[in-house]
Structure formats: C-alpha cells, structure tokens
Amino acid sequence: MEQLNPQIEASWLEQLKDEFRQEYFLQLKQFLLEEKKHYQVYPAGSRIFAAFDATPFQQVKVVILGQDPYHGAGQAHGLCFSVPEGVKPPPSLVNIFQELNQDLGIPVPKHGNLEKWARQGVLLLNATLTVRANQAGSHQHKGWELFTDQVIKALSSRREGLVFMLWGNYAQAKTEIIDSSRHHILKAAHPSPFSVYRGFYGCRHFSAANERLVNSGMAPIDWNLST
C-alpha cells in the first residue's frame, strides 16, 4: 500500500522512522491491505497522515486527542473531530463549537473543517487513524494505538510547554505517557452528547490553552474558524 510506506511530513518521518520498521506496523499494513479488498476504509489513503502533514513536529503547540475517525461517508479527512467543508458537523463537533462560543465568545462556524487550527500548531490526533465504513472502532487494536502512543511519547520527551487537551476517559488514559512536569494537561468530559453535560461544557479549555501558551512564550491559537 503505497501511501503507508509512508507518505508523512518529513519532520514526523524523522521522529517516527523506527516505528515504520516494527513488526506491528508491518502487520497493520497487511491488515489494511486486506480491509481495502473487502470494505470501504476511511479516510482516503492520502489523508491517513493528514494531521502530521498539517502540523510539523516542531510546530506543535496543542494536542487534541480523538479516538478514531468518523465512519460516515465523506466525514473523515485525517484530523480528529474535523469534517471537510460541505459536510454537516457531527454532534461532538457542534458541542465543541458551543463551548468555544461560551468560553471566548467566538461565533459558531458554518463549517466543521479544523485545518485552520492544525496550521497554527494544533495536532488533531486520533488514536486510531483508519476505520471501516459505518463501523465505529473497527480498526482499534490493530496496531494504530501503538503508533500514536509513540507520537505522544515523542512530543512529551522532545518538546516542552505543550498543552494536551484530554477529553473523556479514553484520552485521559494517555496521561501516563505524558510528562506533566514538562507539559500542561487539561482534562474534561468528552464532548459527545452522552457526556457533554458532565464537565465538557464550562471547561474553558480554549482560553486555558492560550493562557498557558502565552505564559510559555508562544503565540496563542486563533480558534475562530470564521475569519
């Protein structure tokens, strides 16, 4: 599979080159080859590493962790929680925009494409980078989590002053591989409709992230997607 050999941004390739030689990654490639013979897989091959391509290693300032890509047609494009323009924002993303509005007064955007955030240094990382169409979680425990854990470990050990926004129990389990003496960890409930009222609304993570970035001498994120 050509796009997994791997077509990934150069600075990330340098950081992760050893992973692509690991047995688990070779098995993951074989799994994906078989999946594509029988099923539709999202996102498109050229978009699997889109989060890395949009946010080179040294440009990362904020990390938002998702679980796996959206599994509906046309939704997944390689950035967690994001959908391409012209695709209706899913409920979790709508709730993220509502919190952004409450936190910073930013108007709710008319689209769900988060590439503007990514280009400013927000790594929008799913733990699992592919999914079978219409089957949530179908590519979990096939090797992707081993790979993305190494991404988090590389950022934790080789960068300083990053802000990790961990929403929900799944993301918060990654706390153990983040050095909290070097980085800022913000935790809240997941923005899904099932848990948004359990502590996502009112978490004010967007203003908190900017405050920590400024205190670390970095430029804040312009979270407004409408400008």
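Because the structure is a prediction, the values reported are computed rather than measured. The numbers attached to residues start from 1 for each chain and follow its sequence in the written order. Per-residue local features of the predicted model are confined to residues with pLDDT of at least 70, and side-chain atom pairs are confined, for both listing and counting, to 80 or more; whole-chain, interface and lining totals are unaffected and use all residues. Just so you know, side-chain values use all the structure's heavy atoms and leave hydrogens and water out.

S.K.: How should I be thinking about the packing of helix α2 (residues 23–38) against helix α6 (residues 144–158) in this particular structure?
M.R.: Helix-helix packing: each pair is described by the crossing angle between the helix axes and the interaxial distance. For every element, the axis is a line fit to its C-alpha atoms; helices are fit only across the contacting stretch, and the angle between N-to-C directions ranges from 0 to 180 degrees. Starting at the N terminus, helices and strands are each numbered in turn, a helix being any DSSP run of H or I of at least four residues and a strand any DSSP run of E of at least two. Contact geometry for α2 and α6: axes closest at 9 Å, N-to-C directions at 130°. The angle between α2 and α6 falls in the class oblique. In this structure, the crossing between α2 and α6 has a hand that is left-handed. Along its contact with α2, which presents Tyr-24, Phe-25, Leu-28 and Leu-32, the element α6 presents Trp-144, Leu-146 and Phe-147. Each residue is assigned to one class: nonpolar for Ala, Val, Leu, Ile, Met, Phe, Trp, Tyr, Cys and Pro, charged for Asp, Glu, Lys and Arg, and polar for all the others, Gly among them. Looking at the contact of α2 with α6 residue by residue, the classes come out as seven nonpolar, no polar and no charged. Oblique is the label for every angle not falling under 35 degrees (roughly parallel), over 145 degrees (roughly antiparallel), or within 65 to 115 degrees (roughly perpendicular). Working rule for handedness: look at the near helix, and if it is turned counterclockwise from the far one by less than a right angle, call the crossing left-handed; if clockwise, right-handed. We call two residues contacting when some pair of their heavy atoms lies within 4.5 Å.

S.K.: Can you walk me through α6 in this structure?
M.R.: Every α-helix winds through 3.6 residues per turn, so residues three or four apart in the chain are directed the same way. A helix's residues, less one, multiplied by 1.5 Å, set its expected span. The end-to-end C-alpha distance of α6, which contains 15 residues, comes to 21 Å, matching closely the 21 Å that a straight helix rising 1.5 Å per residue would cover. Relative accessible area decides the class of each residue, using a 1.4 Å probe on protein chains only: under 20% of the type maximum gives buried, over 50% gives exposed, and in between gives partly exposed. For α6, every residue scored as buried is listed here: Trp-144, Glu-145, Phe-147, Thr-148, Asp-149, Val-151, Ile-152, Ala-154, Leu-155 and Ser-156.

S.K.: How should I be thinking about the layout of surface pockets in this particular structure?
M.R.: Which parts of space are left empty comes out when a probe the size of a water molecule is rolled across the atoms. Detection works on a 1 Å grid of protein atoms alone, calling trapped sets that fit a 1.4 Å probe cavities and calling open sets with protein on both sides within 12 Å along at least five of seven lines pockets, with lining residues defined by an atom within 4 Å of a point. Grid points are joined across faces, edges and corners, and a volume is the space filled by probe spheres set on the points. Estimated volume of the largest pocket: approximately 510 Å³. If you go around the largest pocket, you meet 31 residues; those closest to its centre are Asp-68, Pro-69, Tyr-70, Phe-81 and Ser-92. Within the residue set of the lining of the largest pocket, elements represented by two or more residues are α4 (91–104) and β3 (122–126). Looking at the lining of the largest pocket, the element that brings in the most residues is β3, giving three residues.

S.K.: Mind showing me how you'd approach the pairing of β3 here?
M.R.: Regular strands have side chains that alternate between both faces of the sheet. Burial of β3 is extensive: five of the five residues sit out of reach of the surface. Taking every second residue as pointing to the same face, both faces of β3 are buried, with Val-122, Leu-124 and Asn-126 on one and Leu-123 and Leu-125 on the other. For two strands to count as paired, DSSP must find a minimum of two bridges between them. As paired strands, strand β2 (residues 62–66) and β3 are joined by five bridges and run parallel to one another. Counted as the bridge partner of Leu-65 is Leu-125 from β3.

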